[in-house]
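Next come the chains, spelled out residue by residue.
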2 protein chains.
Amino acid sequence: MARTRGITIKDVARRAGVSITAVSHALNDKGTLSAATREHIRAVAEQMGYEADALARGLRRSPMGAVGLVLRSLDALGDYAPAGVDVFERFVGAAASQALARGLSLMLVPDLTRPPVPPLAFSLDGYIVTNPHVDDPVVARLEERGIPYVTYGRPPGRPEFTHWASEDDRASARLVLAHLEGAGARSVALVRGTDPNAWNLEHQDVYLGWCEERGSTPRLYELPERAGVEGGTALAGRLVDDGLPDAVFCLTGRHAAGVQRGLVARGVRVPERTMVVTGSDSEHARNSRPAISALELNPVDSSAALLDILQSLIAGRPADAPRLTRARFRPRGSTRR
Amino acid sequence: MARTRGITIKDVARRAGVSITAVSHALNDKGTLSAATREHIRAVAEQMGYEADALARGLRRSPMGAVGLVLRSLDALGDYAPAGVDVFERFVGAAASQALARGLSLMLVPDLTRPPVPPLAFSLDGYIVTNPHVDDPVVARLEERGIPYVTYGRPPGRPEFTHWASEDDRASARLVLAHLEGAGARSVALVRGTDPNAWNLEHQDVYLGWCEERGSTPRLYELPERAGVEGGTALAGRLVDDGLPDAVFCLTGRHAAGVQRGLVARGVRVPERTMVVTGSDSEHARNSRPAISALELNPVDSSAALLDILQSLIAGRPADAPRLTRARFRPRGSTRR
DNA sequence: GTGAAAGCGCTAACAC
DNA sequence: GTGTTAGCGCTTTCAC
């Protein structure tokens, strides 16, 4: 299966009876060729099925037509396909489809700071980094290299950085809390993850503000993302011991599923005694009994926005950023009273 | 945001006080350098944080550390993110995770035959092509270029080609039919898609054989994949008109959801009068009432197998192929009698 | 053992 | 208007 090389610019030049420069210029709309030559060269190239080699072209630092995607939350998890968690797959799917629609390819790249670094990594035109955390080394690396990037979720601790898009986490959090309040909840516990990303931080922030406004004591629990369903189940014990709240708001779907299972196992009636809701819809949330009310992210709009911004950056244009998209709230049995 | 170039081989050579060649050889275990020089050069390179530029390297046709993924079924659909269809997302997620685990990056590439072809497309080390159909032009293109590739699903009409992996479709089909028979079905209709890929063809083949063995008249319906749920609903009318079978086996999840909805709307009781089952689990299947029994593909094992084969091909080793993985059958309400 | 030098395919100064 | 030429960063002969 020897790799045959494709038709090169040289072949086209020879065939068209011109220099390689002429070909390069004709095909890239550069230089000052006569319309006739240009047209002729184009015809020949087309007819020969010529396609410029991206590598050689990239060597001269022209765009590659491909952007990278780094999933920081999965890097952190150390597992790129956690069972039942479909937010990332959905995001990858959406981002890929949006990229393809814009004529860009999407390359999935692992943690850029841990060797071996994928060879092409620093040759891509730009990057989407999802859920960067405080002082994210991947972001630092891109910054260092001067590679354009956008982030899915505001990079925490960097108020000056605007090239991000995400669902409006603050609005989402308020939506959920209002829903719980409307269903009669007075005391709400928040279960967040431990990654210091905007997702965790902004929900927490809104939650604390909400508690303060109402004069209720915040009940904040931190559970590592990787603790999964089991972690949630275990946490249910603590919730009971600390005194049952009217509702539990778990940011991750697996925690919510675990917490609900743990509560039910301890005889707590959901939603009658305590409601459960999650900030991130997942198979687990949908398949729990009762089904768990959830925020459904908006990967399509978010990845479209991110690619818009990224394309502007790559082209050196000012970008319309940040951009907020809207998550949908899906009320289900776990909060239906 | 000027792109800063990284440290080049030249920098390392100068710093180590050797030639460029020496650096190249030391870092690639080529040539005949003394152990001492080799070690010294390596130390300097490491200390400088040198990383070879993949582009320049690729120009000389060495591996890029990246493989492409082409989703033929989505190319055909013309939509890279059809709502509720998660098999592809799951496959992408699984393939990405398996690739990353092997130190490879995964690049999602659209139809390689429709311009504009993504620039890097022909520079990748190899390809995974999902669900190629008869005389697939993408496959032809890769073949032409001598680029190693594997297919998810046997390429139909090419018995000599072995570099593929997939769930064992024939076994899956038998599993489903046996399940239906066990639940009392005598007459079963098969609803397949129109893409001439192995998935459609092999299920059909087993189905026809099964009918023949039992002396029952086959009832075969073809429905374009893109007809979606609505197509299924419409088909339900035909099923009723043609005389209700005891069970309907729809290969795609959306067709199954539509068929069941259409049947129920016409007063047919599922599963009592007619059972419904699908060959491809999806959100639609799970969320239908009753939930639809389904085959759940095995993207994790399948993509792992594909990457094993692909890595062998790239390395020029003989590959252990084809490889069959096992789908799981999920019995649900739609076949529970 | 080591290094000079010739490309890989392309782009962009700069001559002509 | 058009072509010559010098690289981009790297690998790989092939002299020394």
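In this text the structure is predicted, and so the values were computed from the model without any measurement.

Procedures and definitions
- Residues numbered from 1 in each chain as written.
- Chains lettered and ligands numbered in written order.
- Predicted model: local features only at pLDDT ≥ 70, side-chain atom pairs only at ≥ 80, totals over all residues.
- Heavy atoms only, no water.
- Contact = heavy atoms within 4.5 Å.
- Salt bridge = Lys/Arg side-chain N within 4 Å of Asp/Glu carboxyl O.
- Polar contact = N/O pair within 3.5 Å; in protein donor to acceptor, adjacent residues only side chain to side chain.
- Helix = DSSP H or I, 4+ residues; strand = E, 2+ residues; numbered from the N terminus.
- Nonpolar A, V, L, I, M, F, W, Y, C, P; charged D, E, K, R; others polar.
- Pairing = 2+ DSSP bridges.
- Axes fitted to C-alpha atoms, helices over the stretch in contact; angles between N-to-C directions.
- Phe/Tyr/Trp six-rings, centres within 6.5 Å; stacked < 30°, edge-to-face > 60°.
- Buried < 20%, exposed > 50% of the residue type's maximum accessible area, 1.4 Å probe, protein only.
- Parallel < 35°, antiparallel > 145°, perpendicular 65-115°, else oblique.
- Left-handed = near helix turned anticlockwise from the far one by under 90°.
- UniProt positions renumbered as here; feature names shortened; annotations may be inferred.
- Arc of directions from axis to C-beta.
- Least-squares fit on C-alpha atoms with pLDDT ≥ 70 in both.
- Core = buried A, V, L, I, M, F, W, Y, C linked by side-chain atoms within 4.5 Å.

### Here we look at the interface of chain A and chain B
In step 1: Each side of the interface is counted separately: chain A has 50 residues, and chain B has 49 residues.
In step 2: Seen at the junction of chain A and chain B, the total is 5 salt bridges.
In step 3: Residue Arg286 of chain A is joined to Glu283 of chain B by a salt bridge in which the shortest nitrogen-to-oxygen separation is 3.0 Å.
In step 4: Across the contact surface, chain A and chain B share 5 residue pairs in polar contact (both at pLDDT 80 or more).
In step 5: Among the elements that line the side of chain A that touches chain B, the one with the most residues is helix α6 (residues 87–101) of chain A, at 7 residues.
In step 6: Its residues assigned to classes, the side of chain A that touches chain B shows 26 nonpolar, 10 polar and 14 charged.
In step 7: One ladder, built from 3 bridges, connects strand β2 (residues 105–108) of chain A with strand β2 (residues 105–108) of chain B; its direction is antiparallel. Directly across from Leu106 of chain A, in β2 of chain B, lies its bridge partner Leu108 of chain B.

### Here we look at the environment of Gln260 of chain B
Residues and elements named next belong to chain B.
In step 1: Structurally, the position occupied by Gln260 is in helix α11 (residues 253–265).
In step 2: Sequence separation between Gln260 and Leu33 is 227 residues, and the spatial gap between their C-alpha atoms is 71 Å.
In step 3: A polar contact is formed between the side chain of Gln260 and the backbone oxygen of Pro290, at a distance of 2.7 Å.

### Brief notes about unusual backbone geometry
In step 1: Look at the link from Val270 of chain A to Pro271 of chain A: it is a cis peptide, with omega at 5°.
In step 2: Take Pro271 of chain A: it is sitting in the loop between α11 (253–265) and β9 (275–278).
In step 3: Residue Ala321 of chain A is joined to Pro322 of chain A through a cis peptide bond whose omega torsion reads 0°.
In step 4: Looking at the element boundaries, Pro322 of chain A is found in the loop between α13 (299–315) and β11 (323–325).
In step 5: Even without being glycine, Asp29 of chain B reaches a positive phi, approximately 55°.

### Here's the deal with the pairing of strand β10 (residues 293–296) of chain A
All names here are of chain A.
In step 1: Two elements, β9 and β10, share 2 bridges in a ladder whose sense is parallel. Opposite Thr278, over in β10, you have Ala294 as the bridge partner.
In step 2: Pairing of β10 with strand β12 (residues 328–330) involves 3 bridges; the strand directions are antiparallel. From the neighbouring strand, Glu296 faces β12, where its bridge partner is Arg328.

### Let's talk about the sheet that holds strand β6 (residues 188–192) of chain A
All names here are of chain A.
In step 1: Spatial ordering of the open sheet is given by β7-β6-β8-β9-β10-β12, a layout of 6 strands whose pairing is mixed. Each of the sheet's edge strands pairs with one partner strand only, and the pair in question is β7 (219–222) and β12. Strand-to-strand twist in this sheet, taken as the mean axis angle between neighbours without regard to direction, amounts to 20°.
In step 2: Where β6 lies against strand β8 (residues 247–250), 4 bridges are found, and the strand directions are parallel. Pairing of Val191 across the sheet is with Cys250, part of β8.
In step 3: With respect to the sheet, helix α8 (residues 169–182) is in contact with β6, β8, β9, β10 and β12, its orientation differing from that of β8 by roughly 160°.
In step 4: This element, helix α10 (residues 228–241), spans β6, β7 and β8 of the sheet and lies at about 155° to β7.

### A few points about the pattern of salt bridges
In step 1: The full count for this structure, using the stated rule, is 50 salt bridges over all chains.
In step 2: We note a salt bridge from Arg330 of chain B to Glu296 of chain B, for which the minimum N-O separation is 3.0 Å. Of the two residues, Arg330 of chain B sits in strand β12 (residues 328–330) while Glu296 of chain B sits in strand β10 (residues 293–296), which places them 34 residues apart along the sequence.
In step 3: Salt bridges sharing partners connect three or more residues here, namely Asp281, Glu283, Arg286 and Arg332 of chain A together with Asp281, Glu283, Arg286 and Arg332 of chain B.

### Notes on the packing of aromatic side chains
In step 1: On inspection of all chains with the given rule, the structure shows 4 aromatic pairs over all chains.
In step 2: Both rings, one in Phe91 of chain A and one in Tyr152 of chain A, keep their centres 4.4 Å apart while their planes meet at 15°; by these two values the pair is stacked. Of this pair, Phe91 of chain A sits in helix α6 while Tyr152 of chain A is found in strand β4 (residues 149–152), placing the two residues 61 residues apart along the sequence.
In step 3: Given a relative accessible area of 2%, Phe91 of chain A falls into the buried group.
In step 4: Look at Tyr152 of chain A and you get buried, because its relative accessible area is 9%.
In step 5: Where Tyr149 of chain B meets Phe161 of chain B, the ring centres are 5.3 Å apart and the plane angle is 10°; that geometry is what we call stacked. Residue Tyr149 of chain B is located in strand β4 (residues 149–152), and its partner Phe161 of chain B is located in the loop between β4 and β5 (164–167); the two are separated by 12 residues in the primary sequence.

### Looking at the environment of Tyr152 of chain A
In step 1: Residues Tyr152 of chain A and Arg332 of chain A, spaced 180 residues apart in sequence, show a C-alpha to C-alpha distance of 27 Å.
In step 2: Once residues lying within four places of it in the same chain are set aside, the contact partners of Tyr152 of chain A are Phe91, Val129, Thr130, Asn131, Pro132, Ala165, Ser166, Glu167, Leu297, Ser302 and Leu306 of chain A.

### Some words on the packing of α8 of chain A against helix α9 (residues 198–214) of chain A
Residue and element names in this part refer to chain A.
In step 1: Running from amino to carboxyl end, α8 crosses α9 at an angle of 45°, the nearest separation of the two axes being 9 Å. Between α8 and α9, the crossing angle belongs to the class labelled oblique. With respect to the hand of their crossing, α8 and α9 are arranged in right-handed fashion. Of the residues in α9, those in contact with Asp169, Arg170, Ser172, Ala173, Arg174, Leu177 and Glu181 of α8 are Ala198, Trp199, Glu202, His203, Asp205, Val206, Tyr207, Trp210 and Arg214.

### Here's the deal with the UniProt feature "domain: HTH lacI-type" (unreviewed entry) in chain A
In step 1: The UniProt entry lists residues 7–61 of chain A under the feature "domain: HTH lacI-type" (unreviewed entry), expressed in the numbering used here.
In step 2: Summarising residues 7–61 of chain A: 67% helix, 0% strand, and an end-to-end C-alpha distance of 21 Å.

### Things to note about helix α7 (residues 137–145) of chain A
Residues and elements named next belong to chain A.
In step 1: Among the residues of α7, those classed as buried are Val138, Val139, Arg141, Leu142 and Arg145. Around the axis of α7, the buried residues are gathered within 160° of arc, so they sit on the same side.
In step 2: One side-chain oxygen of the residue at the start of α7 lies 2.9 Å from the amide nitrogen of Val138, identifying that residue as Asp136.
In step 3: Phi turns positive, to about 70°, at Gly146, one or two residues after α7.

### What about the relation of the copies chain A and chain B?
In step 1: At an RMSD of 0.2 Å, chain A and chain B line up after a rotation of 180° and a shift of 0.1 Å along the axis. In short, the pair behaves as if placed about a two-fold rotation axis. Distance from the rotation axis, computed per C-alpha, reaches its smallest value in chain A at Met107 of chain A: 2.1 Å.
In step 2: When the interface residues of chain A are mapped onto chain B, 98% of them are again interface residues, pointing to one common binding face.

### Some details on the environment of Val300 of chain B
Residues and elements named next belong to chain B.
In step 1: Tracing the sequence through the fold places Val300 in helix α13 (residues 299–315).
In step 2: Classification of Val300 as partly exposed rests on a relative accessible area of 38%.
In step 3: As a C-alpha pair, Val300 and Gly316 span 16 residues in sequence and 24 Å in three-dimensional space.
In step 4: Beyond its immediate sequence surroundings of up to four residues, Val300 is in contact with Ala94 and Gln98.

### What about the nonpolar core?
In step 1: Grouped together as the largest cluster of nonpolar side chains are 69 residues, with contacts concentrated most on Leu108 and Val188 of chain A together with Leu69 of chain B.
In step 2: With near-sequence residues (within four places) excluded, Val188 of chain A lies in contact with Leu177, Leu180, Tyr207, Trp210, Arg219, Pro245, Ala247 and Phe249 of chain A.

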